[in-house]
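# Fold and contact review
Chain by chain, the residues run as shown.
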Amino acid sequence: MARWQAEEVARLLRLANPDLEVELLVVATTGDRSQDVPVWEMGGQGVFVKEVQAAVLEGRADIAVHSTKDLPSVTAPGLVLAAIPGRADPRDALVGAPLAELGPGALIATGSVRRRVQLAWLRPDLTFTSLRGNIGTRLDRVPAGGAVVVAAAALERLGLRDRAAEILDVAVMLPQVGQGAIGVEARAGDYRARNLVASIDDAAARAAVTAERAFLARLGGGCDLPVGAYAQAGAGATLVVEGLLASQDGRVVLRSSTTGPRAQAADMGSHLADELLAAGGADLWGRPAEGGS
């Protein structure tokens, strides 16, 4: 998947800048090397990006390409999020059986606390097991009578969308922050690279991901925590932002939404987080609520 994303960014850059030469530098990350260890045990968000970012900061590469959902909510010092190309389907998918056909006690394989909490909230009769690895590995381990949860965008990009038994609506499963989007980072002072990369930036995708990342940044959370957010275009130049946070055991799930001008995407995400913190989320996270919406 990482190579596909890098090649897609290279393709977009060549289309926008026909004379540009693009060379790929493949970097193995901690998350790639430790596929038998849950992400939260390795430190949560950042385990798939730190080594790639280091290659840019050290001058071995000009830009870094990431799944935006893997990026920490605060950009690393010395880097800027220079582009977010058009976003793929942000939803989650079940491979194996659709939700309505899963019997009592059916086994769901997922390494995501966010996915587990939301499914358990809807179907407390389900059982869960942890699963990591690339898409091929996950699809090979679909439990008998159960399902594996994966990103719909990953299936689509690898030509495997037909493997999905169900694409879960965001009303059922709120996606991870930045899911389905590619983030391209560059050195803050490298204006040539930043200007080239800006040619593939998508304004709608950037506004949506900006709101979602601001929501996560305000909570101070990462992918090891039960947090979800999704922003999409509303009427006119507005943005609709939905956010979720939950207790670790899934017994409390808080969800809310807000609508406002797309130009205020970051403020909307932050204010939505404040709203959920004030509604009881502060007790779940053991931190005080600040501000409001």
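Our structure's up above, just so we're on the same page.
Everything in this summary refers to the structure shown in the same document. In this text, all values refer to a predicted model and were calculated from it rather than measured experimentally.

Moving on, we get to the sheet that holds strand 11 (residues 253–261). Here 3 strands make up an open sheet; going across it, the order is 9-10-11 and the pairing antiparallel. A single partner strand is all that each edge strand has here, and the edge strands are strand 9 (227–233) and strand 11. Across the sheet, the axes of successive neighbouring strands diverge by a mean angle of 15°, strand direction being ignored. With 9 bridges joining them, strand 10 (residues 238–246) and strand 11 adopt antiparallel strand pairing. Bridge pairing in strand 11 places Glu-242 opposite Ser-257. Contacts between helix 4 (residues 113–122) and the sheet are confined to strand 9, strand 10 and strand 11, with strand 11 contributing the most and set at about 110° to the helix.

Before going further, it helps to spend a moment on helix 4. Residues of helix 4 that are buried include every one of Val-113, Arg-114, Arg-115, Val-117, Gln-118 and Leu-119, and no others. Its side-chain oxygen 3.3 Å from the backbone nitrogen of Arg-114, Ser-112 forms the N-cap of helix 4.

On to the environment of Leu-284, then. Within the fold, Leu-284 resides in helix 9 (residues 265–285). Put simply, Leu-284 and Ala-246 are 38 residues apart on the chain and 7.2 Å apart in space, counted from C-alpha to C-alpha. The residues contacting Leu-284, other than those within four sequence positions of it, are Ala-246, Ser-247, Val-252 and Leu-254.

Next up on the list: the sheet that holds strand 7 (residues 166–168). The sheet built from 5 strands is open, its strands ordered 5-4-6-3-7 with mixed pairing. Strand pairing shows two members of the sheet lacking a second neighbour, strand 5 (127–129) and strand 7, which therefore form its edges. Neighbouring strand axes in the sheet, compared pairwise and without regard to direction, differ in orientation by 30° on average. Note that strand 4 (residues 107–109) and strand 5 share 3 bridges and pair parallel. Each bridged residue has a counterpart across the sheet, and for Ile-108 the counterpart in strand 5 is Phe-128. The strands that helix 4 touches are strand 3 (92–95), strand 4, strand 5 and strand 6 (147–151); relative to strand 6, the one it contacts most, it runs at about 125°.

Take the pattern of salt bridges next. Scanning the model with the defined rule gives 17 salt bridges in all. When the shortest N-O distance is used, the salt bridge between Asp-62 and Arg-187 registers 3.7 Å. Within this pair, whereas Asp-62 is found in the loop between helix 3 (50–57) and strand 1 (63–67), its partner Arg-187 is found in strand 8 (residues 182–187), the two being separated by 125 residues in sequence. Asp-62 sits in the partly exposed class, given a relative accessible area of 48%.

What counts, and at which threshold
- Residues numbered from 1 in each chain as written.
- Predicted model: local features only at pLDDT ≥ 70, side-chain atom pairs only at ≥ 80, totals over all residues.
- Heavy atoms only, no water.
- Pairing = 2+ DSSP bridges.
- Helix = DSSP H or I, 4+ residues; strand = E, 2+ residues; numbered from the N terminus.
- Axes fitted to C-alpha atoms, helices over the stretch in contact; angles between N-to-C directions.
- Contact = heavy atoms within 4.5 Å.
- Buried < 20%, exposed > 50% of the residue type's maximum accessible area, 1.4 Å probe, protein only.
- Polar contact = N/O pair within 3.5 Å; in protein donor to acceptor, adjacent residues only side chain to side chain.
- Salt bridge = Lys/Arg side-chain N within 4 Å of Asp/Glu carboxyl O.

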